[in-house]
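Examination of the molecular architecture
For reference, the chains in residue letters:
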Amino acid sequence: MEDNKIEDNKIDIVIPKEKFRLVQTGERISDKKFEDKPIGYLKDAWIRFRKNKASVAATVIIIIIVLFALLAPFVCTTHDAQFVDSFYAKKAPRLETMRALGFFDGGENREFSEKGMIKAAAVGVGAVNYDKGGATISEGMKSHYQPLIRLGEGYTAVDATRKKRTMYKGRIDVYLEVGFIYRSIEQSEYNDIIAWEEKTGIKVLYPLIEENEYNIDPLDANNWYKSEKGTPVKTLADGSTKILSYGPDLVLEENYKRNKDGSLAYYEYAGGGDVSTAQYRVRMLYYNYYIYKNGFPPQYLFGTDSQGYDLALRMADGIRLSLVVAISVSLINLVIGAVYGAIEGYYGGATDILLERVSDILAGIPFVIVATLFQIHLSAKVGTIPSLLFAFVLTGWIGTAARVRTQFYRFKNQEYVMAARTLGARDRRIIWKHIFPNSLGTIITSCALVIPGVINSESTLSFLGIVKFSTTKVTSLGTLLSDASSIWTNYPHLMIFPAIVISLLMICFNLFGNGLRDAFNPSLRGVED
């Protein structure tokens, strides 16, 4: 040991500092200097919070959801939350850029009968082969407007009448499935569409369909081919018909209306007097008409709701509403509960007994009854959201007040409080400068844990219809779930996306609150894991 010295029968042993580690409560050792370096209260809390991996992950998820709620209206520049299209109601998620990858394609898995499959495939055939004739089903499958995304091999199934039928499993684009529609438009709009078609090369208007024995439903604009009871037929030279069956080489015979000169009829007079008011009944491909009217193809990140609104934007509105209500209630309850609980816990005695009895009376009032009465009698005067806030605040602060009261009973007889009182500190200073900071961890935690409870309660009330947000400008996640409750088996995306967001908010805010509880716990200050 070269570094050790022997002097007067004493041995001085020199131990390099890198051989040991010293940690003191509330302090951390500097790597460069062998000295103590104090850590602030908030920094110490942050160090402990970030060690809780679950809380950090929950915080990241909350931030993502909040950013989605805030940025969705700006990212979706094509339309806003009030944009609605009833023809595209209850449709699956669809993004043009993702369709080639096989998801977000607006598709729905379905089983088709032979008639249903031919009718779906006929949309794509009729969109590109309206004036030529002779196109086969296999050629129509290559059309950009073909709703059938995928079609499997046919198989034999037995129906309820024990009759064997050929069925096909496939996937269909529910937006393109709308196909053709009839609509009455003004003559001026008709001319505008013709000009737009010439400018863009996109076809909107298509020939009208003859109303004869081959048209099984004159109101259905997709019955452009000759059929009998839904089965496609071909007219023979002697005037008789031949039933056609499905096959890749199947050619559908058109049944379009024609003018006296034999040309295809694209409109018929439907009323009106002059050029600007004359009404034309036309047949149009709705997908292209949507592009003509709006300037973009139908694109919906989460699909559309039961009315035809963009579900993603409606969810963003619902998330913002839930967070605004929850955070507002949490802050109001924090202020009221902190003041109320501090007075109870600090003064005690008769003051505590009196205030506790008031809390007990309010706590015995069922929240659902309060919210219902406020919505019936108060919402018409102040609005739905303010009346809901009043219902939450009426009794919501009681839990926070109870926690603050407990903390004040715990700390008010501590030595440092008694010393401050001895030195002449006023009650207000002792409460807010000496006791309240030590209760801050519990108070912040209770404040954070109020948020998921409010979100759950608000969603439940709107789901049950007690609180109604079903307007074009205001909605909630609970309202979206309520609208989807009767149809979600056929349109699962209407239920899945809002339910996932509510679940994530509930779980993540609870984990976030637990992380804050540990981070602001004064008993853990300066403790290393």
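Residues numbered from 1 in each chain as written. Predicted model: local features only at pLDDT ≥ 70, side-chain atom pairs only at ≥ 80, totals over all residues. Heavy atoms only, no water.

**Things to note about unusual backbone geometry**
Cut-off, in case you're wondering: By the criteria applied, helices consist of DSSP H or I runs no shorter than four residues and strands consist of E runs no shorter than two, each listed in order from the N terminus. Under the scheme applied here, a residue whose accessible area is under 20% of the maximum for its type counts as buried, over 50% as exposed, and between as partly exposed, the area being computed with a 1.4 Å probe on protein chains only.
Here lysine 90, not a glycine, exhibits a phi torsion of approximately 60°, which is positive. Along the chain, the position of lysine 90 falls in the loop between α2 (53–75) and β5 (107–113). Relative accessible area serves as the criterion here: at 28%, lysine 90 is assigned to the partly exposed category.

**Structural notes on the sheet that holds strand β11 (residues 231–235)**
Through backbone hydrogen bonds, the strands of a sheet pair up, either in parallel or in antiparallel fashion. Our working rule: Whether two strands pair comes down to DSSP finding at least two bridges between them.
Pairing is antiparallel across the open sheet formed by three strands, whose spatial order is β10-β11-β12. The open sheet has two free edges, formed respectively by β10 (227–228) and β12 (241–243), since each of these has just one partner strand. Two elements, β11 and β12, share three bridges in a ladder whose sense is antiparallel. Each bridged residue has a counterpart across the sheet, and for valine 233 the counterpart in β12 is isoleucine 243.

**A short note on the UniProt feature "transmembrane region" (unreviewed entry) in the protein chain**
To keep things clear, this is the line we draw: UniProt positions are given in the numbering used here, feature names are shortened, and annotations may be inferred rather than shown by experiment.
When the UniProt feature table is mapped onto this chain, "transmembrane region" (unreviewed entry) is found at residues 56–75, 321–340, 361–378, 384–404, 435–455 and 491–512. Along residues 321–340, the helical share is 100% and the strand share 0%, with 28 Å between the first and last C-alpha atoms.

**Considerations on the packing of helix α7 (residues 311–347) against helix α11 (residues 384–396)**
Operational definition: Lines are fitted to the C-alpha atoms to define the axes, a helix being fitted only along its stretch in contact, and any angle between axes, read from their N-to-C directions, falls within 0 to 180 degrees. Left-handed describes a crossing in which the near helix is turned anticlockwise from the far one by less than a right angle; the clockwise case is right-handed. Any two residues whose heavy atoms approach within 4.5 Å are treated as being in contact. Gly counts as polar in this scheme, as do all residues outside two lists: the nonpolar Ala, Val, Leu, Ile, Met, Phe, Trp, Tyr, Cys and Pro, and the charged Asp, Glu, Lys and Arg.
Interaxial distance between α7 and α11 falls to 10 Å at its minimum, and their mutual angle equals 35°. Where α7 crosses over α11, the handedness of that crossing is right-handed. Residue-level inspection shows Leu321, Val325, Ser328, Val329, Ile332, Asn333 and Ile336 of α7 in contact with α11, the latter providing Ile385, Leu388, Leu389, Phe392, Val393 and Gly396. A breakdown of the residues in the contact of α7 with α11 according to their chemical character gives 10 nonpolar, three polar and no charged.

**Things to note about a nonpolar patch on the surface**
Convention followed: Within this analysis, patches are made of residues with over 30% relative accessible area and no salt bridge. Like charges are joined at 9 Å or less; nonpolar side chains (Val, Leu, Ile, Met, Phe, Trp, Tyr) at 5 Å or less. The Shrake-Rupley method, run with a 1.4 Å probe, gives the accessible areas here. Residue values count only the displayed protein chains as cover. The term salt bridge refers to a side-chain nitrogen of Lys or Arg lying within 4 Å of a carboxyl oxygen of Asp or Glu.
A grouping of Ile332, Val335, Ile336, Val339, Ile343, Tyr347 and Trp432 is seen on the molecular surface, where their side chains present a nonpolar patch of about 580 Å² in accessible area. Among the elements that make up the nonpolar patch, the one with the highest residue count is α7 (six residues). Looking at the secondary structure, you find isoleucine 336 in helix α7.

**Quick notes on the packing of helix α16 (residues 477–484) against helix α17 (residues 493–519)**
Where α16 contacts α17, the axes come no closer than 9 Å and their chain directions differ by 145°. When the axes of α16 and α17 are compared, the crossing they make is left-handed. Together, Leu477, Leu480, Leu481 and Ala484 of α16 and Leu494, Met495, Pro498, Ala499, Val501, Ile502 and Leu505 of α17 make up the contact between the two elements. A per-class count over the contact of α16 with α17 returns 11 nonpolar, no polar and no charged.

**Brief notes about the packing of aromatic side chains**
Put simply, the rule is: Put simply, two rings from Phe, Tyr or Trp (the six-membered ring, in Trp's case) pair if the centres are within 6.5 Å, and we call them stacked under 30 degrees between planes, edge-to-face over 60, tilted for the rest. Each ring is checked for a lysine NZ or an arginine CZ that lies within 6 Å of its centre and within 35 degrees of its normal; such an atom marks a charge sitting over the ring.
Applying the stated criterion across every chain yields a total of 27 aromatic pairs. A ring pair is formed by tryptophan 224 and tyrosine 225, whose centres lie 5.6 Å apart and whose planes are at 80°; its orientation type is edge-to-face. The exposure classification of tryptophan 224 matches that of tyrosine 225, with both residues buried. Centroid distance tyrosine 289 to tyrosine 292: 5.9 Å. Interplanar angle 35°. Geometry classified as tilted. On the criterion of helical spacing, the pair formed by tyrosine 289 and tyrosine 292 is a turn pair, its members being three residues apart in helix α6 (residues 286–294). For the pair formed by tyrosine 289 and tyrosine 292, the shared burial category is buried. An aromatic cluster is defined as three or more aromatic residues linked by ring pairs; in this entry it consists of Phe83, Phe87, Tyr88, Tyr175, Trp196, Tyr286, Tyr289, Tyr290, Tyr292, Phe296 and Tyr300. Positioned above the aromatic ring of tyrosine 182, the side-chain terminus of arginine 281 is 4.0 Å from the ring centre. The aromatic ring of phenylalanine 180 is capped on one face by arginine 283, whose charged end is 4.1 Å from the ring centroid.

**With respect to the side chain of serine 227**
Examined against the element boundaries, serine 227 turns out to sit in strand β10. Relative accessible area serves as the criterion here: at 2%, serine 227 is assigned to the buried category. Not counting residues up to four positions away in its chain, the partners in contact with serine 227 are Glu213, Tyr214, Ile216, Pro232 and Val233.

**Thoughts on α2**
Defined as follows: Helices are assigned an expected span. That span is 1.5 Å times one less than the residue count. Consider a residue and the seven residues that end there alongside the seven that start there; fitting an axis to each set, the bend is the angle between those axes.
Given a rise of 1.5 Å per residue, 23 residues ought to cover 33 Å, and the 31 Å separating the end C-alpha atoms of α2 matches this to within 8%. A bend of about 35° at alanine 69 is the largest found in α2, and the proline proline 73 appears one to four places after it. For α2, the set of buried residues is Ser55, Ala58, Thr59, Ile62, Ile65, Ala69 and Ala72.

**Focus on the pairing of strand β14 (residues 279–285)**
The element β14 is extensively covered by neighbouring structure, given that six of its seven residues are classed as buried. Across seven bridges, strand β8 (residues 180–186) lies against β14 in antiparallel orientation. Across the sheet, the residue bridging to isoleucine 185 is tyrosine 280, located in β14. Where strand β9 (residues 205–206) and β14 come together, two bridges link them in antiparallel fashion. By the bridge assignment for β14, tyrosine 206 is matched with arginine 283. As paired elements, strand β13 (residues 267–271) and β14 share four bridges and run antiparallel to each other. Pairing of tyrosine 267 across the sheet is with valine 282, part of β14.

**Looking at α6**
Buried residues dominate α6, accounting for seven of its nine residues. If you check which residues of α6 are buried, you get Tyr286, Tyr287, Asn288, Tyr289, Tyr290, Ile291 and Tyr292. The inward-facing, buried residues of α6 contact β8, α5 (187–200) and β14. The first or second residue beyond α6 is glycine 295, which carries a positive phi of 85°.

**Here's the deal with the side chain of aspartate 317**
Inspection of the secondary structure assignment puts aspartate 317 in helix α7. Classification of aspartate 317 as buried rests on a relative accessible area of 10%. Excluding anything up to four places from it in sequence, aspartate 317 contacts Ala81, Lys473 and Thr475.

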